[in-house]
Amino acid sequence: MGLQIFYKICKSKLIFLMMLDTLSELWLWQLLSRLHPLVVHFPIGVLLTAFLLELFTLGGKRSELRPGIQWLVYIGAGTSLVAAFAGWLLAYGANYSASTLDYHQWSGIATVICALLAAFMLHRAHSSGRESDLNYYRGILTFSVLLLTVAGHFGASLTHGDEYLTSVMPWNYEAPSRGAPNELLTELAEHREVGTLEEPHLDKLNVAVRRIFANSCYQCHASDSDADGDLELDSKEAIMAGGESGVIIIPNQPDDSELMRRIRLPQGHDEVMPQKGKSLSSAEVELISTWIELGAHWSDGDIGIFREAEMALNKPTVPNDNPDIEHPIDHFTDAYFKEQDIEWAEPVGDKVFMRRVYMDVIGLLPAPEEVEAFVADTSTDKRDRLIDSVLSRDHDYAQHWMSFWNDLLRNDYSGTGFITGGRKQITEWLYNSLQNNKSYEQMVRQLINPNEDSEGFIRGIQWRGDFNASQSTEMQAAQNISQSMLGLNMKCASCHNSFTSNLTLDQSYSFAAVFADSSLAIERCDIPTGDYAEPGFIYEELGDIDENLSKYERLVQLSDILADEKNGRLYRTIANRFWARLMGRGLVEPTDEMDNEPWNQDLLDWLAADLIDYETDLKHLLSTILHSRTYQLPSVEVSEDEAGEQNNFVFTGPMKKRLSAEQFADAVSQVAAPFYQSVAYDPYDSDEADAQWIWYNSQENERASFPEPGKYYFRHAFDLPGKDKIEEAQLLITVDESYRLFLNNKLMGQGQDWRMVERINVTDQLIAGDNLIAIEGEKTGSVPSPAGILFNLKISYTDGENLVVSSNDQWKVSNKQPETGWEFQDFDDSDWENTRVFKNSWGKLLDFNHGSADNHERLEVARASLVHNDPFLTALGRPAREIVSTSRETEPTLLQALNLTNGKILNEVLSRGADHWMAEYGHAPNELVTNIFLSAFSRIPTKSEAQIAGNMLTQNPNKETVQDLLWAIVMQPEFQFIY
């Protein structure tokens, strides 16, 4: 209620949000917000106590507890409201996981509402004395405690991580990845039975122990940190020296070693090690004991604790022991299947295959007539020809794959950094690269050593305000390149030596220094070390960076090193990403951890080497995978957890894939009505209709604000010479949200949908000399919101010259009802104000163009990959692209369910789709159902489906029943998944 009053006082959502931004930066706001964890525990304890005491009163017992319970409920309800307010302060502008924060916030709000309702019902029960009111109160209180538990779970997840509670369950207590110690112990035991262990075995044991230290101990006991107890575990000298408590290892005597005593203590003991994180597994403890027993051998070589993928790339020989197989990928798959004792399944049918190829390559559903022709084709090479045909659709290919590359290169059309100029798009460069099938080597070179169009990638985001050293633009460039191109996550090593890879802080800063204009000071966890980084590449075996070169020259050198054919990691990484895109899971998983072991190393190496053989042609890589029988295997359903398994995953075929946000929106556009009518980027954009959105210049507190709802009046006069030489004059107009247009006092058009551009030929209405455009525009609603007129008049003369009249800030506007005759030229508008140009909140309308589809290329539909992000696409998984995004969540969420079942945007699209289908087949319900099924599923409905749909529509379908049918169609798994 307080916020609503505050909002009404402000009278403007813009000012309201601006004031929130200002307040959120004040120390008092931040102090109050950080009281939330402290305040919230009080109502939790009070309400739980009230609930427990209430249990003692059941059956009319312990009536003396009633007054105390009453006050506990009242106090708990009131303080829960205070805690919720403090939580809102803390959440505003905070950097929490959006979905978890939403769950915590709304479950917390629901708890407050229920607690207040419980307090009200308890008061009512005391006043009325009715047992029914008391029972209602008890039920609501019970539900409040359940909600409190849910809110607490999500609160703990925000603070301690998603696995805070589940990680201690018996089935999760020891992570599956910790199976390696058991295998090594078995191997060592077998070798000890037959003789003395050789140095290679001792080296292997030492690496395994150091890996345990890195995973579990380096956070507190590493040389590049302020080591707890002066104990460092990352070098032989340090570990043998011990810490402030003395020596911790006595070689050959594990039972007398302090380290063994500490790691064998029960969890929760004051002296147990490690103190933070999970306890060591029994196998890990045994491995360390064995290491000490065998003398605590420490390898003298420069070894990596963690696995590193081989850099060199040699093209493996294709297995050739099955004469029935032709494709190289299938030979590798066949050999793998034999090892796993898996039989080849029959390829998918034509319709499934065609839909899979279309969605994977161009992100569109095949048209029913295309499906019919493909199924009817009896030639043996029709699938190969289909793949080649779809790959040749350059613009459709580019529009679909923009989403993949935008995620990977964190390129977007709006968001953080664009408002302040601290971020730059690479959209046009990227689209042209895809449309022209630029080689991957060229793309990499132009991203690392950029021109003006491609520099946005390594420029990164210049963050506003304070930010830590790991988010500097130089470090962003290093992180982005290492993750997107090399499958190497550098974020951990940007603050300290990595605990999950062999990367060090010095290596990260050395790589970041390549992009620096001056010396780059090294900071560990935002604390300067006093050292400065020398420019260098992560993998020195590929080449050195000359520190004496200028930044530009260093980038040239780096691009040569990175794109070199010797850099097998670069080409394995992109091959793995494309395999994951088509198959649902990478050969290496996660795709950002290329040091993990692939389930088929030879296949990965062959794909990368073959890509190089074909001059890094990415369409060739796609084509190679698509033409394989492996790609045509039936899809399998694999959970995210199963797909993420590194050691136990077994490939049996492509995974069933959920449509991405963009694929779903585009598919609905094909089946129902266009999801979007404007785009953020139009590859065919021209300057023919270079108009600006204009409206009344609303002001609040001497600052620009959104206009109030109501009618506004616009005028613009222009002089027209040479009327007799005009060949044609066409005007374009659209207004958010309704308008009436007058030209020289004659009503020329009117509309109520800004997405529909009206084209009007006004050749005969123009006059020599002064002409006047007058528009009555209206914005409905109850609160201020964006509004605008977009107008463009193009006058073409017989000599080829053009005169253009466009909406701009020189037009006149009034927010008051003018006197009669305001549409005439001689009306006095001297007291009217100039219009204000508004930021384009509407995107680029596809139809706002004087040309036509017949005489030049232009977008036929607004593909979702080219539009600004919106709540619908966000709900379906499109990332904000402030960081490199190489995968999207595939598991459905509550937010997705709400948008798909009751979302305003989807409902409006399906409503327009119902209008379209009614206009074409409203008189023939059976044909309507058949054609909708053909459009959505590439098949006719089954007998039972036709009966159900027929019952929905009856013999006289109306818009509502057709809309319900469309909703039922797009909710089907067959529509939402690629099989």
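Residues numbered from 1 in each chain as written. Predicted model: local features only at pLDDT ≥ 70, side-chain atom pairs only at ≥ 80, totals over all residues. Heavy atoms only, no water.

Quick notes on the packing of helix 19 (residues 440-448) against helix 23 (residues 551-563)
Then, number 1: In the contact formed by helix 19 and helix 23, the axes pass within 9 Å of each other and the chain directions differ by 155°. Classified by the angle between their axes, helix 19 and helix 23 sit roughly antiparallel to one another. As helix 19 runs across helix 23, the sense of the crossing is right-handed. Every residue of helix 23 that contacts helix 19 at Glu441, Val444, Arg445 and Ile448 is listed here: Leu555, Leu558, Ser559, Asp560, Leu562 and Ala563.
Then, number 2: Partitioning the contact of helix 19 with helix 23 into residue classes produces six nonpolar, one polar and three charged. (Axes fitted to C-alpha atoms, helices over the stretch in contact; angles between N-to-C directions. Helix = DSSP H or I, 4+ residues; strand = E, 2+ residues; numbered from the N terminus. Parallel < 35°, antiparallel > 145°, perpendicular 65-115°, else oblique. Left-handed = near helix turned anticlockwise from the far one by under 90°. Contact = heavy atoms within 4.5 Å. Nonpolar A, V, L, I, M, F, W, Y, C, P; charged D, E, K, R; others polar.)

Considerations on a negative patch on the surface
Then, number 1: Taken together, Glu308, Glu534, Glu540, Glu541, Asp544, Asp546, Glu547 and Glu553 make up a surface patch of like negative charges.
Then, number 2: Residue position: Glu541 is located in the loop between strand 2 (527-533) and helix 23.
Then, number 3: You can call Glu541 exposed: its relative accessible area is 57%. (Patch = residues over 30% accessible without salt bridge, like charges linked within 9 Å, V, L, I, M, F, W, Y side chains within 5 Å. Areas by Shrake-Rupley, 256 points an atom, 1.4 Å probe, with all protein chains shown as cover. Salt bridge = Lys/Arg side-chain N within 4 Å of Asp/Glu carboxyl O. Lys, Arg positive; Asp, Glu negative; His and termini not counted. Charge placed at Lys NZ, Arg CZ, Asp CG, Glu CD. Buried < 20%, exposed > 50% of the residue type's maximum accessible area, 1.4 Å probe, protein only.)

Brief notes about the sheet that holds strand 17 (residues 833-834)
Then, number 1: The strand order across the open sheet built from six strands is 11-10-13-8-16-17, with neighbouring strands paired in antiparallel fashion. The open sheet has two free edges, formed respectively by strand 11 (746-751) and strand 17, since each of these has just one partner strand.
Then, number 2: Pairing geometry for strand 8 (residues 710-720) and strand 13 (residues 769-779), over 11 bridges, is antiparallel. Each residue of the ladder has a partner; that of Tyr713, found in strand 13, is Glu776. (Pairing = 2+ DSSP bridges.)

Observations concerning the nonpolar core
Nonpolar side chains tend to gather and get buried jointly when the protein is soluble and globular.
Then, number 1: The biggest cluster of nonpolar side chains holds 153 residues, and the ones touching the most others in it are Trp405 and Met485.
Then, number 2: Not counting chain neighbours up to four residues away, the residues in contact with Met485 comprise Tyr440, Val444, Leu447, Ile448, Phe457, Asn480, Leu562, Arg569, Leu570 and Thr573.
Then, number 3: Residues Leu184, Tyr218, Ile248 and Ala283 belong to the second largest nonpolar core, which totals 35 residues. (Core = buried A, V, L, I, M, F, W, Y, C linked by side-chain atoms within 4.5 Å.)

Re the pattern of salt bridges
Opposite charge on two side chains allows them to pair when their charged atoms are near.
Then, number 1: Evaluation of the coordinates by the stated rule reveals 43 salt bridges.
Then, number 2: Across the salt bridge formed by Arg459 and Glu455, the nearest N and O atoms sit 3.8 Å from each other.
Then, number 3: Given a relative accessible area of 36%, Arg459 falls into the partly exposed group.
Then, number 4: One salt-bridge network, in which partners are shared between bridges, spans Asp407, Asp412, Glu662, Arg878, Arg881 and Arg888.

The analysis is restricted to geometry; functional conclusions fall outside its scope.
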